[in-house]
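Residue-level structure breakdown
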Amino acid sequence: MNLREILSGIDFRCANFQDVDIRGITINSNQVLKGYMFIALKGEERDGHDFIYQAIEKGAVALVVNEEFDQLMFHKNIVIIRVSDTREAVHKIARNFYSHPAKFLEIIGITGTNGKTTISFLLDKIFTYAGYHSGVIGTVCYRIGNREIPSTNTTPDPVSLQKYMDEMVQSGQDVLILEASSHGLLQGRLKGVKFDCGVFTNLGKDHLDYHKDMESYYRAKRILFTELLKEKGTAVINIDDEYGSRLYKELSGQKISYGFSPQADVRALEYKMSFKGINFKVEMMGKKMNVCSCLLGIHNIYNLLASLAVAHVYGLDFSKVIYAVENFTGVKGRLERVFGSSQLKVFVDYAHTPDALEKVLYTLKELKRGKLWVVFGCGGNRYRDKRPLMGEIASRFADRIIITSDNPRDENPLDIIEDILTGVKNKDKCEVIPARKEAIEKAIEGAEPGDVILIAGKGHERYQIVGNVVIPFDDREVASRALIRRTMREMANVG
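Bear in mind the structure is a predicted one, so any value in this text is a computation, not a measurement.

Both the distance between ring centres and the angle between the ring planes are used here to describe each pair of aromatic rings. Summed over all chains, the structure comprises 12 aromatic pairs. Relative to Y164, the ring of Y142 lies with its centre 5.1 Å away and its plane at 50 degrees, an arrangement referred to as tilted. Within this pair, whereas Y142 is found in strand β8 (residues 141–144), its partner Y164 is found in helix α5 (residues 158–170), the two being separated by 22 residues in sequence. A residue is classified by how much of its surface remains accessible, and Y142, at 1% relative accessible area, is buried. Overall, the relative accessible area of 13% leaves Y164 in the buried class. Among the aromatic residues, ring-to-ring pairing joins F127, Y132 and Y314 into one connected group. A cation over a ring is seen here: K255 above Y248, with NZ or CZ 4.4 Å from the ring centre. Its guanidinium or amino end placed over the ring of W373, R400 lies 5.8 Å from that ring's centre, counting from NZ or CZ.

What follows is the structure in structure tokens.
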């Protein structure tokens, strides 16, 4: 695309303007190829202006820089575009370069502390069965056409997002289901994207190292509904949640509520639960229906209600919607059963917040017959105050606790564990095993027939971050191998 088209609608001052053809655009100097435009963004940890000469060396033909940046020497082969704020300009540049792909997509955004991923995959299944071609961008992966790209951030940067949306349009997809993280919303990664439907799940204590307090965290989530939702877009809100109820009252546009509350538009009436799944009744706009799902937990009833509410917004055929729900088998790392032994039930879950851990442990405690074990830790360089809360929750619900490492990053794992221990009430049922592999194996080896084991915190992740090193590690693989070894020993003993 030529440079004039890319800069359409953007206020800029330019040195050495040439209407060159631009082969690609990027905010990452490592991705620059010959003929690319490099947009220098000033982030919280790094400033793209520090990598300008690297971009030039790699073949950039145009640079977009902040107006006040005056360190760039004139270069006759480089077009230097100065704007008041590259973080504002990048959205328009990306939309122009990829020919405004959002115009061809129905865009559904999901935000909240918990439930985003499960709802996004549920909706993907529902829209597929209803005859749409949907794509997903979120925590687990970016699914574009027939490709599945491992996720780097829940919400990608503005250039990547427009690129992915363009690829979706080119592959024939017509619905985008996107997880909107608080970081992504506050940092403006979604600015310029208008949503047809927004879902608010809940708000719990997480990311407060970044947002500082719950009010700031809430206001970040609120951006999806106050700034990015289309004028005729619909908000779908969990009114059982304190912040969801507040949001519902603050919004004046089209909105649908869900929950167990008698005031909810989409309301769960009664439910039965087992390790096989959930069977519950829903009242929606005066109509009642039965819903069966293989998912576990009250928190998943909320996820199902949110998905049914969105289906109602789009007027989908509910015979197909219910069929999709009944055939939805879950998401990787979300109360995912690890098989390998008939004597134990082992689950891996992404629960890394107090609220999420409490909901998952409550679910398993209600269903268990033997003891309930939990193996978990907390991430380093993250909100520290949640650690004792998670220790207290574990000691309240679990019969046996093994505290271990999660992603310690730059922190000493033993310091993180000590923070967790301050919240544990019954330390006699608690054991500390810093090595995560050993902790998982110890739980599986020590459990008795009929026990339930929850391995929490990492879910779908296939790595562990220690210092600056990313180590391959998958809770599911470690648990599966341990279960198989236990089963083989049991069979040998029987023999």
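Right, picking up where we left off after that structure.
The next point concerns the pairing of strand β20 (residues 400–403). Taken together, the four bridges between strand β19 (residues 372–376) and β20 define a ladder with parallel strand orientation. Across the sheet, the residue bridging to V374 is I401, located in β20. What joins β19 to β20 is helix α13 (residues 386–397), and the crossover it makes is right-handed. Crossover connection from β20 via helix α14 (residues 413–421) to parallel strand β21 (residues 430–432): handedness right-handed.

Here the focus is the pattern of salt bridges. Evaluation of the coordinates by the stated rule reveals 29 salt bridges. Of the charged contacts, one joins R143 and D124 as a salt bridge, the two residues approaching to 2.4 Å between their closest N and O atoms. Of this pair, R143 sits in strand β8 while D124 sits in helix α4 (residues 116–129), and the two are 19 residues apart along the sequence. Connected through shared salt-bridge partners, E215, R219, R222, R246 and E250 make up one network.

Right, let's get into the sheet that holds strand β9 (residues 147–150). One open sheet holds the 11 strands; their spatial order is β9-β8-β7-β10-β6-β11-β12-β13-β14-β15-β16, and the pairing between them is mixed. Each edge of the open sheet carries a strand with a single partner, namely β9 and β16 (287–293). Strand-to-strand twist of the sheet, defined as the mean angle between neighbouring strand axes without regard to direction, takes the value 20 degrees. Two strands pair when backbone bridges link them, and strand β15 (residues 277–284) and β16 are joined in this way by seven bridges, in the antiparallel orientation. Bridged to F280 within β16 is V291. With respect to the sheet, α4 is in contact with β6 (106–111), β7 (134–137), β8 and β10 (175–179), its orientation differing from that of β10 by roughly 170 degrees. Relative to the sheet, helix α11 (residues 318–326) contacts β15 and β16, its axis offset from that of β16 by approximately 25 degrees.

Counting 44 residues, the largest nonpolar core has L123, F127, F280, V282 and V310 as the members making the most contacts within it. It is helix α10 (residues 298–313) that contributes the most residues to this core, nine residues altogether. In this structure V282 touches V266, R267, K287, K288, M289, V291, L305 and L308, once residues within four positions along its chain are discounted. Counting 34 residues, the second-largest nonpolar core is a separate cluster that includes Y164, A180, A235 and Y243.

What follows deals with unusual backbone geometry. Residue M285 is not a glycine yet carries a positive backbone phi of 50 degrees. Relative to the assigned elements, M285 resides in the loop between β15 and β16. Despite not being glycine, L335 has its phi angle at roughly 40 degrees, a positive value. Assignment of secondary structure puts L335 in the loop between α11 and β17 (336–338).

Rules of the game
Residues numbered from 1 in each chain as written. Predicted model: local features only at pLDDT ≥ 70, side-chain atom pairs only at ≥ 80, totals over all residues. Heavy atoms only, no water. Phe/Tyr/Trp six-rings, centres within 6.5 Å; stacked < 30°, edge-to-face > 60°. Helix = DSSP H or I, 4+ residues; strand = E, 2+ residues; numbered from the N terminus. Buried < 20%, exposed > 50% of the residue type's maximum accessible area, 1.4 Å probe, protein only. Lys NZ or Arg CZ within 6 Å of the ring centre and 35° of its normal. Pairing = 2+ DSSP bridges. Right-handed = clockwise from strand over helix to strand, strands pointing away. Salt bridge = Lys/Arg side-chain N within 4 Å of Asp/Glu carboxyl O. Axes fitted to C-alpha atoms, helices over the stretch in contact; angles between N-to-C directions. Contact = heavy atoms within 4.5 Å. Core = buried A, V, L, I, M, F, W, Y, C linked by side-chain atoms within 4.5 Å.

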